[in-house]
Amino acid sequence: MDFQVRREHRLLIQMYRAFAQNEVRPLAKEVDEQERFPLETVRKMARFGFMGIPFPKEYGGQGGDNLAYILAVEEISKVCGTTGVILSAHTSLCAAPIFEFGSEAQKQAYLPALAKGEKLGAFALTEPNAGTDAAGQQCTAELQGDHYLLNGTKIFITNAQFADIYLVFAMTDKAKGTRGISAFIVEKGMAGFRIGKKEEKMGIRGSATCELIFENVNVPVANLLGREGGGFGLAMKTLDGGRIGIAAQALGLAQGAIDETLAYSKERKQFGKSIASFQNSQFQLADMQTRTDAARLLVYRAAALKDAKQPYSVEAAMAKLFASETAMDVTTKAVQLHGGYGYTREYPVERMMRDAKITEIYEGTSEVQRMVISAHLLR
Amino acid sequence: MNIVVCIKQVPDTTEVRIDPATGTLIREGVPSIINPDDKAGLEAALALKGAVGATVTALSMGPPQAEIALREALAMGADHAVLISDKRFGGADTWATSITLASALRRLGFDLILCGRQAIDGDTAQVGPQIAEHLGIPQVSYVSEIQKVGDRLQVKRMFENGYQRLSVPMPCLLTVLKEMNAPRYMNVGGVFDAFRAEIPVWTVDDLDVDRAQIGLKGSPTRVKKSYTKGTKSAGKVYEVEPQEGARIIVEHLREKFII
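Residues numbered from 1 in each chain as written. Chains lettered and ligands numbered in written order. Predicted model: local features only at pLDDT ≥ 70, side-chain atom pairs only at ≥ 80, totals over all residues. Heavy atoms only, no water.

Engineer: Go over the overall build of chain B, please, and point to the residues and values.
Structural biologist: The helix and strand tally for chain B stands at six helices and eleven strands. The dimensions of chain B, computed from C-alpha atoms along their principal axes, are 60 × 50 × 40 Å. With 259 residues in all, chain B has 44% of them scored as buried. Long-range contacts, defined as pairs at least 24 residues apart, comprise 72% of the intrachain contacts of chain B with a sequence gap of at least 6. A total accessible area of about 14200 Å² is found for chain B, and carbon and sulfur atoms account for 51% of it. (Helix = DSSP H or I, 4+ residues; strand = E, 2+ residues; numbered from the N terminus. Buried < 20%, exposed > 50% of the residue type's maximum accessible area, 1.4 Å probe, protein only. Contact = heavy atoms within 4.5 Å. Areas by Shrake-Rupley, 256 points an atom, 1.4 Å probe, with all protein chains shown as cover.)

Engineer: Tell me about the pairing of strand β5 (residues 80–84) of chain B, residues and numbers included.
Structural biologist: Residues and elements named next belong to chain B. Of all five residues in β5, four are buried, a share of seventy percent or more. Where strand β4 (residues 55–61) and β5 come together, five bridges link them in parallel fashion. Bridge pairing in β5 links Thr57 to His80. Each parallel crossover has a hand, and for β4 linked through helix α2 (residues 67–76) to β5 it is right-handed. (Pairing = 2+ DSSP bridges. Right-handed = clockwise from strand over helix to strand, strands pointing away.)

Engineer: Lay out the packing of aromatic side chains in plain terms, naming residues and giving numbers.
Structural biologist: Centre-to-centre distance and the angle between the planes together describe a pair of aromatic rings. Counted by the stated rule, this structure contains 15 aromatic pairs over all chains. Relative to Phe48 of chain A, the ring of Phe19 of chain A lies with its centre 6.1 Å away and its plane at 65°, an arrangement referred to as edge-to-face. On the criterion of sequence distance, the pair formed by Phe19 of chain A in helix α1 (residues 7–33) and Phe48 of chain A in the loop between α2 (39–47) and α3 (66–79) is long-range, its members being 29 residues apart. For Phe19 of chain A, a relative accessible area of 0% puts it in the buried group. Members of the aromatic cluster, each reached through a chain of ring pairs, are Tyr16, Phe19, Phe48 and Phe50 of chain A together with Tyr185 of chain B. Positioned above the aromatic ring of Phe322 of chain A is the side chain of Arg291 of chain A, whose terminal nitrogen or guanidinium carbon lies 5.2 Å from the ring centre. (Phe/Tyr/Trp six-rings, centres within 6.5 Å; stacked < 30°, edge-to-face > 60°. Lys NZ or Arg CZ within 6 Å of the ring centre and 35° of its normal.)

Engineer: Explain the pattern of salt bridges to me, using residue names and the numbers behind them.
Structural biologist: Residue and element names in this part refer to chain A. Overall, the coordinates contain 44 salt bridges over all chains when judged by the stated rule. Taking the shortest distance from any N to any O, the salt bridge between Arg296 and Asp293 comes out at 3.0 Å. Taken as a pair, Arg296 and Asp293 lie in helix α7 (residues 279–307) at a separation of three residues, close to a single helical turn. Residue classification places Asp293 among the partly exposed residues on the basis of a relative accessible area of 37%. (Salt bridge = Lys/Arg side-chain N within 4 Å of Asp/Glu carboxyl O.)

Engineer: Lay out the environment of Ser265 of chain A with the relevant residues and their values.
Structural biologist: Residue and element names in this part refer to chain A. Checked against the element boundaries, Ser265 lands in helix α6 (residues 231–267). By relative accessible area, Ser265 is classed as buried at 3%. Placed twelve residues apart in sequence, Ser265 and Ser277 show a C-alpha to C-alpha distance of 8.3 Å. Once residues lying within four places of it in the same chain are set aside, the contact partners of Ser265 are Ser274, Ile275, Ala276 and Leu285. Of note is the side chain of Ser265, whose polar atom sits 3.0 Å from the backbone oxygen of Leu262. (Polar contact = N/O pair within 3.5 Å; in protein donor to acceptor, adjacent residues only side chain to side chain.)

Engineer: Account for the sheet that holds strand β8 (residues 152–159) of chain B, naming residues and giving values.
Structural biologist: The strands making up a sheet associate through backbone hydrogen bonding, with each pair oriented either parallel or antiparallel. Residues and elements named next belong to chain B. In spatial order, the strands read β9-β8-β7-β10-β6-β1-β4-β5-β11; together these nine strands make up an open sheet with mixed pairing. Of all the strands in the sheet, just β9 (162–169) and β11 (201–202) have a single pairing partner and so form its edges. In this sheet, strand β10 (residues 172–176) lies alongside strand β6 (residues 112–116) in parallel orientation, the contact comprising five bridges. Counterpart to Leu114 in the pairing with β10 is Leu174. Of the strands in this sheet, β1 (2–6), β4, β6, β7 (139–149) and β10 are in contact with helix α1 (residues 36–52), which crosses β1 at around 165°. (Axes fitted to C-alpha atoms, helices over the stretch in contact; angles between N-to-C directions.)

Engineer: Please set out the interface of chain A and chain B residue by residue, giving values where relevant.
Structural biologist: Contact residues are listed per partner, giving 23 residues for chain A and 15 residues for chain B. When the two sides are added together, the surface that chain A and chain B hide from each other amounts to roughly 1600 Å², 64% of it contributed by carbon and sulfur. The three residues of chain A that bury the most area against chain B are Arg7, Leu11 and Phe48 of chain A, which together make up 35% of that side's buried surface. Counting across the interface, chain A meets chain B through two salt bridges. The shortest N-O distance in the salt bridge between Glu67 of chain B and Arg7 of chain A comes to 3.0 Å. Looking at the side of chain A that touches chain B element by element, the count peaks at twelve residues for α1 of chain A. For the side of chain A that touches chain B, the class distribution of residues is ten nonpolar, seven polar and six charged. (Buried area = accessible area lost by both parts, 1.4 Å probe. Nonpolar A, V, L, I, M, F, W, Y, C, P; charged D, E, K, R; others polar.)

Written as structure tokens, this is what we have:
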């Protein structure tokens, strides 16, 4: 059993870390406070290959693996949760399902531009009345000759107006329930497709989260991803992969908060000595790092299983559940160890705490992860 | 144009630990990086490749783990990499190192050799100039700008308080400063390609080199004693006009009988 990442991954971590420190960290505060989508960072990430890490070179990717991809999400999320989720949603929720479920023609048409980062991807499943109960889709897609007529509204869509390619789920046959859901590749600029209300969020405030509105959008039959009626299964499988990305985002947030707290606790003096010299700080830090390392092993295991083409759905749920709850716990402790300063926006730990909360909610709440895990145990 | 960049893997710390018995570096437990001046040389080579076209080869002499530094060079965009590694080269000083590298460079062929000014662990700044001497080619040290004009290079050579602009014929060797550029990031796909690439490892048997002039035995330098310098006291800060400052300095120098 080998708990070390391979040499190429270690070299990648070195590169990701330099990139995150020099290019991502300086913008993190501003991106949060101004609720600004860091488009310039996305372009830079594209230049160095971040937007297509696990896809083969023949489709414009980097020829890497899932571990290499989630390591990037982790390193970037250490300094900016917003940038971490942009990368994760693009890769796991749009490019990956096109790569895994797309026809050769669809892969040729969409994957290279996504993998090179020339185009940004998004995933549209959630609706006002279909959150955790994703089967309650109200969006409809009606077959009319060579196209489907798409109608309905999606909400909470990451990358929203900055995306170019959207994976959209809609009912093609309401009578069939989940077996009546299909997945479509929708392009920005299709007539009748527009961006609605922008959400004002607690955390990951730089990531655009909007409503998508479809009014009689003609989607060519060629844009049906997978088979008609296969959309629900496709969405669930896509979310299995996405959960590893969000778990890595949570892991990065936790580690980032620890790194900040280590530096602060050595600097901050109370009662004539650094707060790092108090046993309470030491024990808290020990717990924070131990829990984060445990999360890391779960996250890397899930990614390694996906790379080995073995079942990973339960392991991804465990990684996401544990890493996100760890992120919430660790960032809260980080704020506490920073004391009053931790509650101010002068230090990044309050932002990390706000960013961490969403990881317990999106791409399957902690409760959904527990359902997935227990269903596997009790089957 | 064939560019060979000599890179050294060095410990990523200013606190280099030295084995008191042998006076050589202890590498264990210290993260390793490409020496910063050498990395600037690599970036300069890759920039030239982008501007006028070139084949860039990274060359390193060191223990087997120096291979990682070469893979990093490949991931940044170098076309080839060669590692010179053999226990018999161990303990080499700058003389033995430059003789070994010069021999490898003869085997590789080159139009331009780029070396970093100096390594952050040894700080001698000798290996680059010595290589040029062994090869009998022109050299310019402390270079901060390189441009190819026709079949010559126009370079800017930095001094503490000025600079020279020089035109150099090729083949030649330049030693460059880390301040000259900001080395590019590795590329994600480049890292995977770098680990798929074969890096030839050359031993003594692959080089036409005088065996009496390599390794510890071939090194005329003898380290008498190595030690970590003690920290000095914090010193005094005067915030005064320049004239008064000069007066205070002279007074202190006199007190210590320095002047």
